[in-house]
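Coordinate analysis (summary)
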Amino acid sequence: MIYQEFLARFGLSEFRVGQREVIDAVMAKRDCLCIMPTGGGKSLCFQLPALARTGLTIVISPLIALMKDQVDSLLKRKIPATYINSSLDSRERSQRTQDMIRGDYALVYIAPERLRSSSFLEAIRQANVTLLAIDEAHCISQWGHDFRPDFARLGKFRRRIGSPQTIALTATATKTVREDISQVLELDKPATFVSGFTRENLSLRVEVPASNSEKDRRLVEYVTTHSGSGIVYAATRKSCEHLVELIQASTKRAVAFYHAGMEPDERRRIQEAFMSDQVPLIVATNAFGMGIDKRELRFVVHYNLPGSIEAYYQEAGRAGRDGQPAECLLFYSYQDRFIQEFFIENAYPTRQNVRDVFEFLKSFDVDPIELTLQQIKEELGVSIGTEGIRVCEALLEKAGAIERMDSQQNMASIRIDLPHANLPELLPRDARAQRTVMRGLEALVGDLRGERVYFSPSRFSETVEMKWDAVTRALRELVKLEGVDYVPPFRGRAVHVMRRDWSFEQLQIDFEELDRRKKCEYEKLEQVIRFVSSRRCRQLEILEYFGDPQRRVCHKCDNCGGSEQSVATSTPAKQLVGDEARRVWYAVQVVLSGAARTHGRIGKQLLVQMLTGSTSKKLVPLRLDRIPTFGRLKQLRQESVTDLVSALLVGGWLSQIETTKFRPVIQISDDGRKLLQSELNPTVLAAVPTELAMIIATTLTDEPNSSGQSHESHQSHDADGIDGIDGIDGIDGTNQKKPAAEPATNQPYYWTWKLFMDGYDESQVQQIRQIDAAKIRADLSAAAIDGQAIRAYWLLSSQQLSQLRQFVGEQGDRMTAKSVSELPPGVSGPELMYFLKSSR
């Protein structure tokens, strides 16, 4: 078929990559699954067929703002389209529904929640629906973070309207999610298309800042020197708040903050300000972006590591939709992976977590239960966050044990799941009130048996000609029937327990499948780590991940020709020759030798301190000052050595692994060991960023031997040093008595304690856990009572530590309540108690 006439209606002269194939399949009346990246042109794949043939295309979209934008764009091109959603008053909704039945529109956009209305379902049956388009179809997957119950019911809806031809579209579908989409929608051997992921105008870059302060500095520098509109993504709300304050204090750029917890009107105001260029810079969680089509977006920065390649490329792909050059910068900090691991643990709670939530909800006599997720978490005292509680509820709802409900403006609701054709006949003949109410409910529900139907109590009373008190009494009797479930009106969000008679063991929750999917999420996180560590073309890595047949090298990313350099680049240091090259080679071998001699027992920070000859007290108990490589790079700043270690990690000559969870250590790889015995290797020098290589070459004055090899490479790695030492503490470097066994992950204090053990400071733990200082102190106190080691410096400043050491030393065994009242200025009683509980 020739589509030129229809393309012109959309202001286009040709298709983008992959669009023609999808449209051909739709025109051939095949069910389709279309996976294209953000900005890849998915909408045309159903909009053009809707224009090219007769009949109505129903588009189910999750966002009201997205509907309005697309409909406005279609109307400007004289394409008959509309939307029907809660932003309209009842009169306007009714008018547009009648126009839909009459055939006035080619496309009608609706939210999945609209399908709860029995009258709207009947209207759709009367319309000539020839195509059903499900946008953002990954929301269908009940295991994703975007799970919405109404999306999961789309399969039933599709069946009720005659299973019309369907196209499901998404930018983020993994193989598992694709299978979920096909299964839920009951698609008939769908044609699956994966294409359009190549974005030739995007320059993908990764930087590896040496510390959080360095990351902040680079972010400020970047947003100051890069004009135009941009988005900065951060993992948590508190991180976003910190970055907004940082940018406001350090630059003159107007910046706004966006997250899912904001009121809808505020979110809408900020989004509109961003789209209209009143605010050119947004700092946001991943809640911002679905449906955002700001074509002149010049950059996207990921301040924290995203959880998957899908999430990264969807968010990065919002840049440069106008086809002009745009940049996507990702800051990689190894510690960021722990934030994502915390998210994964919450997305896949344990069997015990789910049991606790179920038993807790069953213990309430009221119905429905109007408790927030935070209130449930606090009552249970579990280690998972509110997102974990939400997932527990989602699993219980899927198992049929509870139902999560939103207030429908003081509406009551009924669910009737009885196959009997004449329901009043099930009741005694003398139960007149019950029979009257049942007849009214039967008429109300119609053929929506098994679905929850909302109704106005006052209007229902008028219909059955009974007072509401009498209706309520009848309902109390009717719910005793198996298959009749009534929920009275309530104010906000609530949980309705449907099966109080069930035990937890009766719930059909496949925890083995949950564990399998949890492992898949961890593997997706590892894919992101591999992506940021790769020295190949970054866009090629992404295209191969998605299986795009059009994959090719981009020649624009930091690894294959980008203009700006970072630790993660592989720019050849061509200007280094002779002694300069040998000095850089010497520094490389000293780092590798230091990693080999410490046998994977210490982290990056301690390795750098050892190589630069730090006077830190952490090194002495570990005998790191006795290793031959101690101080060999003392002429370099610790930041430079840290960058060099990062470059060798990216190149694969070193590796960073967890021998104990949340305590990463540095190991030398097999390739790194080979380098210790090799001659000067240009490939390795090419992995050192040019600026860093010049710093090393011009700063080191100690001449290495003439071959360019470090003397270290020929010495035994078992000389005096770390090997064989017991009681290593990679956090504070002190030899403490053997601590209690590591606590179980379901301990309420677990994540707080673990993050501190990994080296996070108090403000970072607050950001990750989203808790306050009082909660942190309570968690650590609980850990100490449980026999776990806690460190004084975690919560106390160096000045406080000095004052408390002196105070406690002077008091000795004479410590009394009176002496505590004489604490030095700046130190409180709770701080003294924490100091006494700590391992110092």
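Below is a summary of the structure that appears in this document. (Residues numbered from 1 in each chain as written. Predicted model: local features only at pLDDT ≥ 70, side-chain atom pairs only at ≥ 80, totals over all residues. Heavy atoms only, no water.)

This paragraph deals with the overall build of the chain. Helix and strand counts for the chain come out as 34 helices and 20 strands. Within the chain, residue pairs in contact and separated by at least 24 positions form 74% of the contacts whose partners lie at least 6 positions apart. With the model as given, the accessible surface of the chain reaches about 36,900 Å², and the carbon-plus-sulfur share is 47%. (Helix = DSSP H or I, 4+ residues; strand = E, 2+ residues; numbered from the N terminus. Contact = heavy atoms within 4.5 Å. Areas by Shrake-Rupley, 256 points an atom, 1.4 Å probe, with all protein chains shown as cover.)

A separate point is the side chain of Arg199. As for its placement among the helices and strands, Arg199 is situated in the loop between β7 (191-194) and β8 (202-207). Although Arg199 lies buried, it forms no salt bridge, and the closest oppositely charged side chain, Asp322, sits 6.9 Å away as judged by the N-O distance. For Arg199, the side chain forms a polar contact with the main-chain oxygen of Gly317, separated by 2.8 Å. Not counting residues within four places of it along the chain, the set of residues in contact with Arg199 comprises Thr38, Tyr313, Gly317, Ala319, Gly320, Arg321 and Gln539. (Buried < 20%, exposed > 50% of the residue type's maximum accessible area, 1.4 Å probe, protein only. Lys, Arg positive; Asp, Glu negative; His and termini not counted. Salt bridge = Lys/Arg side-chain N within 4 Å of Asp/Glu carboxyl O. Polar contact = N/O pair within 3.5 Å; in protein donor to acceptor, adjacent residues only side chain to side chain.)

With that settled, the discussion passes to empty space enclosed by the protein. Counted by the stated rule, this structure contains two cavities of 30 Å³ or more. Reported here for the second largest cavity is a volume of approximately 80 Å³. Lining of the second largest cavity is provided by Glu345, Pro349, Thr350, Asn353, Ser383, Ile384, Thr745, Asn746 and Trp751. Class assignment of the residues belonging to the lining of the second largest cavity gives a composition of three nonpolar, five polar and one charged. (1 Å grid on protein atoms, 1.4 Å probe; cavity = no way out; pocket = protein on both sides within 12 Å on 5 of 7 lines; lining within 4 Å. Points joined across faces, edges and corners; volume = space filled by probe spheres on them. Nonpolar A, V, L, I, M, F, W, Y, C, P; charged D, E, K, R; others polar.)

Moving on to the packing of aromatic side chains. Applying the stated criterion across every chain yields a total of 15 aromatic pairs. Between Phe197 and Tyr313 the ring centres are 6.3 Å apart and the planes differ by 20°, which places this aromatic pair in the stacked class. On the criterion of sequence distance, the pair formed by Phe197 in the loop between β7 and β8 and Tyr313 in helix α13 (residues 309-316) is long-range, its members being 116 residues apart. Considered together, Phe197 and Tyr313 belong to a single accessibility category, that of buried residues. With a centroid separation of 5.5 Å and an interplanar angle of 85°, the aromatic rings of Tyr222 and Phe299 are classed as edge-to-face. In this pair, Tyr222 is assigned in helix α10 (residues 212-225) and Phe299 in strand β12 (residues 297-302), connecting sequence segments 77 residues apart. Relative accessible area serves as the criterion here: at 1%, Tyr222 is assigned to the buried category. (Phe/Tyr/Trp six-rings, centres within 6.5 Å; stacked < 30°, edge-to-face > 60°.)

Bringing helix α30 (residues 762-769) into the picture now. Three or more residues of α30 are buried, namely Gln764, Val765, Gln767, Ile768 and Arg769. Packing partners of the buried residues in α30 comprise α10, α11 (237-250), α14 (336-347), α16 (373-380), α29 (750-757) and α31 (773-785). Where α30 ends, the next residue or the one after it, Gln770, has phi of about 55°, a positive value.

When you tally the buried positions in strand β2 (residues 56-60), you get five out of five residues, the bulk of the element. Where burial is concerned, the two faces of β2 agree: the one with Leu56, Ile58 and Ile60 and the one with Thr57 and Val59 are both buried. For β2 and strand β5 (residues 129-134), the ladder comprises five bridges, and the chain directions are parallel. Across the sheet, residue Leu56 finds its bridge partner in β5, namely Val129. Strand direction decides the pairing type here: β2 and strand β4 (residues 107-110), joined by four bridges, are parallel. When the bridges of β4 are listed, Ile58 appears paired with Val108. (Pairing = 2+ DSSP bridges.)

With that settled, the discussion passes to helix α15 (residues 351-362). End to end, α15 covers 17 Å across twelve residues, agreeing with the expected 16 Å (1.5 Å per residue, within 8%). Residues of α15 that are buried sit in contact with α16, α17 (386-398), β14 (402-406), β18 (493-497) and α21 (511-533). (Expected span 1.5 Å × (residues − 1).)

To continue, consider the environment of Glu315. One can find Glu315 in helix α13. With 13 residues separating them along the chain, Glu315 and His302 place their C-alpha atoms 8.8 Å apart. In this view, Glu315 contacts Tyr233, Asn286, Val300 and His302; residues no more than four positions away in its chain are not counted. At 2.7 Å, the side chain of Glu315 forms a polar contact with the side chain of His302.

Overall, antiparallel pairing links the three strands, which are arranged β16-β15-β17 in an open sheet. A single partner strand is all that each edge strand has here, and the edge strands are β16 (452-455) and β17 (484-487). Strand-to-strand twist in this sheet, taken as the mean axis angle between neighbours without regard to direction, amounts to 20°. (Axes fitted to C-alpha atoms, helices over the stretch in contact; angles between N-to-C directions.)

Read across the sheet, seven strands follow the order β3-β4-β2-β5-β6-β1-β7 without closing on themselves; strand pairing throughout is parallel. Looking at the sheet topology across the chains shown, the edges are occupied by β3 (81-84) and β7. The mean inter-strand angle of the sheet, taken between neighbouring strand axes irrespective of direction, is 20°. Sheet topology note: the β5/strand β6 (residues 166-170) ladder contains three bridges and is parallel. Bridge pairing links Ile134 to Ala168 in β6. Along the sheet, helix α3 (residues 44-52) makes contact with β1 (32-35), β2, β4, β5 and β6, crossing β4 at roughly 140°. Against the sheet, helix α5 (residues 90-102) touches β2, β3 and β4, its axis set at about 135° to β3.

Let us now look at the pattern of salt bridges. Once their charged atoms are close, side chains differing in charge can pair, the charge on each being opposite to the other. One pass over the full model with this rule turns up 51 salt bridges. Glu451 serves as the salt-bridge partner of Arg160, at 4.0 Å between the closest nitrogen and oxygen. One end of the pair, Arg160, is in helix α8 (residues 154-160); the other, Glu451, is in the loop between α18 (432-445) and β16, with 291 residues separating them in the sequence. By relative accessible area, which is 14% here, Glu451 ends up buried.

At a closest axis distance of 8 Å, the pairing of α13 and α21 adopts a crossing angle of 60°. Between α13 and α21, the interaxial angle falls into the category oblique. Listed contacts from α21 to Ile309, Glu310 and Tyr312 of α13 are Lys524, Gln527, Val528 and Phe531. Residue composition of the contact of α13 with α21, by class: four nonpolar, one polar and two charged. (Parallel < 35°, antiparallel > 145°, perpendicular 65-115°, else oblique.)

The peptide bond linking Asp367 to Pro368 adopts the cis configuration, its omega dihedral lying at 0°. Position of Pro368 relative to the elements: it lies in the loop between α15 and α16. At Lys78, a residue that is not glycine, the phi angle is positive and equals roughly 60°. By the secondary structure assignment, Lys78 is in the loop between α4 (64-76) and β3. For Lys78, a relative accessible area of 69% puts it in the exposed group.

Quick look at the pairing of β6 now. The side chains of a regular strand alternate, first on one face of the sheet and then on the other. In terms of burial, β6 is largely enclosed, as five of its five residues are buried. Here β6 shows a buried face lined by Thr166, Ala168 and Thr170 and a second buried face lined by Ile167 and Leu169. Relative to β6, β1 runs parallel, the two sharing four bridges. In the strand pairing of β6, Leu33 is matched with Ala168.

Turning to the environment of Ser363, a few remarks are in order. Tracing the backbone shows Ser363 in the loop between α15 and α16. Residue class for Ser363 comes out exposed when judged on its relative accessible area of 51%.

It is at 10 Å that the axes of α31 and helix α34 (residues 829-837) come closest, and there the two elements cross at 35°. Along this stretch, α31 crosses α34, giving a crossing that reads as left-handed. Every residue of α34 that contacts α31 at Arg777, Leu780, Ser781 and Ala784 is listed here: Pro830, Glu831, Tyr834 and Lys837. Classifying every residue of the contact of α31 with α34 by side-chain character gives four nonpolar, one polar and three charged. (Left-handed = near helix turned anticlockwise from the far one by under 90°.)

Scope: geometric values only; no functional claims are made or implied.
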